[in-house]
Structure formats: structure tokens, C-alpha cells
Amino acid sequence: MVVEISLPDWLSAETLPTHIESIEDRMRFVIALSRRNFENATGGPFAAAVFEEATGKLVAAGVNRVMPCHCSSAHAEVTTLSFAQKRLGTHDLGGTGMPAHQIVVNWRPCTMCMGAVIWSGATSLVIAGSDDSVERITGFDEGPMPHDWQGELEKRGIRVTDNVLYDEAVAVFHAFAASGAVVYNGRGGGAKTSG
Ligand SMILES: [Zn+2]
């Protein structure tokens, strides 16, 4: 028995940049992937990328793959961190001798992905926003986040940078809602639909 999470064909075929310098450009790259993912019907409107924080070297890019891969945990963060760890041959992106790794995501993590970020060994998280926009606009359930979730990450040595290209990220969620695409919450009978 093997569990497999794959990248969509359009992303596998892409020649990705080797380095992205600024935080804004890293986020712009991730937001573009989030839009392409739902437009290509290859997953939800979420994407992430792992970089060497200091150099901007791109280690892995990934997208939400819940429905195509039949895997409720295949959120963008879990997918991308897993690719990064596989590429580097380690379970710990913060292991001895490793450069600091940063994960950039087009919104704040859900409950599960907050844990995934903590266990990954990444030492910084960059997000486009952290308010209730995703739940309000798209209907996705982000789970019971601790009130001070950013503080919980900071306590564990993970720096959080919020509100990077907020408007651009929200625009993708509006486009997703307008597309009528499926919102794949667990217990589907209770899933909300947007708009
Ligand atoms: Zn998640």
C-alpha cells in the first residue's frame, strides 16, 4: 500500500524559477499557482512554496490536491512541505546544518496545517492574510484555530509575516467562489457552498 500525492501535470511540466528574491515576489508566485490550480480543476484555490529563506532558492512548490488525490490531508502546505522534505531527503527542514527554510502560503493555515508547519522544521511562515476571508468568501472550514496561533508558532521559533499581497490573494478566492467549484469540506453533507 502506497499513498501518493502528485503535482498536477501543468505544474510538473513547468520550468520553475530557481530563486525568487523578495517576499512579495515569492507570494506573487504562490498566488498565481493558487489561481491556476482551481482554474485547471486540479484542486482547491491554495498553493504554497518552500524557499531557503536567505537566498530565495526555491526548494518546492505545491498546490492543494485533496480531491484529485483522494486525500483530505493534501492541503497545499502538507503537499509542499512533503515535496520539500522528499527533495532534501529529510523529515526536518530545520535540521543540523540546514539553511533556514521558509514556507509561503496564499492564506493562513487551517488547524491541520498549523501543525504541519510546526512539525516541518520551517522557521518562517509568510501568508497573504489571516482574517475570515477564506471561510466567508469560499465556505471552506479552516477548523478551530487557537486564538493566538501566530504566538504559538513564534513560541516555537517560527516567525510569521502576515498581509503580504492581501488583495491579490482575496481576489483569487472571489474568483473561486464565482466559478461554482466544489468546496470539499469533510462530512460533505454539511459542507457550505458559497455565493
Ligand atoms: Zn490546511
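Residues numbered from 1 in each chain as written. Predicted model: local features only at pLDDT ≥ 70, side-chain atom pairs only at ≥ 80, totals over all residues. Heavy atoms only, no water.

Visitor: Even after reading the chapter, I still don't get the coordination of the zinc ion, so can you show me in this structure?
Guide: Under perfect tetrahedral coordination by four donors, a metal shows angles of 109.5 degrees; under perfect octahedral coordination by six donors, it shows angles of 90 or 180 degrees. For the zinc ion, the protein coordination sphere consists of His75 (ND1), Cys110 (SG) and Cys113 (SG), at 2.0 to 2.3 Å. Between consecutive donors of the zinc ion, the numbers of intervening residues give the motif H-x34-C-x2-C. A residue pair is termed long-range when its members are at least 10 positions apart, and histidine 75 in the loop between strand 2 (58-63) and helix 3 (76-88) and cysteine 113 in helix 4 (residues 111-120) qualify at 38 residues. This pair shows no difference in class: histidine 75 is buried, exactly as cysteine 113 is. (Donors = N, O, S within 2.8 Å, 3.2 Å for Na, K, Ca; no water. Helix = DSSP H or I, 4+ residues; strand = E, 2+ residues; numbered from the N terminus. Buried < 20%, exposed > 50% of the residue type's maximum accessible area, 1.4 Å probe, protein only.)

Visitor: Mind showing me how you'd approach helix 4 here?
Guide: The periodicity of an α-helix, 3.6 residues per turn, causes residues three or four places apart in sequence to face the same way. In terms of burial, helix 4 is a largely internal element, seven of the 10 residues being buried. What helix 4 keeps buried is the set Cys113, Met114, Gly115, Ala116, Val117, Ile118 and Ser120. Tucked inside the fold, the buried residues of helix 4 contact helix 3, strand 3 (101-105) and helix 6 (149-155). Phi for glycine 121, located one or two positions after helix 4, is positive at around 95°. (Contact = heavy atoms within 4.5 Å.)

Visitor: Can you help me understand unusual backbone geometry in this one?
Guide: Excluding glycine, a negative phi dihedral is what most residues carry, and trans is how most peptide bonds are arranged. Phi is positive for alanine 41, close to 55°, though the residue is something other than glycine. Looking at the element boundaries, alanine 41 is found in the loop between helix 2 (23-39) and strand 1 (47-52).

Visitor: Sorry if this is basic, but what is going on with the packing of aromatic side chains here?
Guide: Each aromatic ring pair is described using two quantities: the centre-to-centre distance and the angle formed by the ring planes. For the structure on display, the rule yields six aromatic pairs. Judged by centre distance (5.3 Å) and plane angle (70°), the rings of phenylalanine 46 and phenylalanine 140 are edge-to-face. Here phenylalanine 46 is found in the loop between helix 2 and strand 1, whereas its partner phenylalanine 140 is found in the loop between helix 5 (133-138) and helix 6, with 94 residues between them in sequence. With a relative accessible area of 11%, phenylalanine 46 lands in the buried category. For phenylalanine 140, a relative accessible area of 3% gives the class buried. Each ring, one from phenylalanine 46 and one from phenylalanine 173, has its centre 5.7 Å from the other, and the planes form 40°; the classification is tilted. Pair noted here: phenylalanine 46 is in the loop between helix 2 and strand 1 and phenylalanine 173 is in helix 7 (residues 166-179), with a separation of 127 residues, a long-range link. It is arginine 26 that lies over the ring of phenylalanine 51; its NZ or CZ is 5.2 Å from the centre. (Phe/Tyr/Trp six-rings, centres within 6.5 Å; stacked < 30°, edge-to-face > 60°. Lys NZ or Arg CZ within 6 Å of the ring centre and 35° of its normal.)

Visitor: Which parts of the structure should I look at to understand the environment of aspartate 141?
Guide: Here aspartate 141 lies in the loop between helix 5 and helix 6. A relative accessible area of 43% means that aspartate 141 is categorised as partly exposed. Each C-alpha atom, one on aspartate 141 and one on glycine 186, is 8.7 Å from the other, the two residues being 45 residues apart in sequence. Among all residues touching aspartate 141, those that are not within four sequence positions of it are Glu135, Asn185 and Arg187. Among the polar contacts made by the side chain of aspartate 141, one reaches the main-chain amide nitrogen of glycine 143 at a distance of 2.9 Å. (Polar contact = N/O pair within 3.5 Å; in protein donor to acceptor, adjacent residues only side chain to side chain.)

So far we have only geometry, and geometry alone does not tell us how the molecule works.
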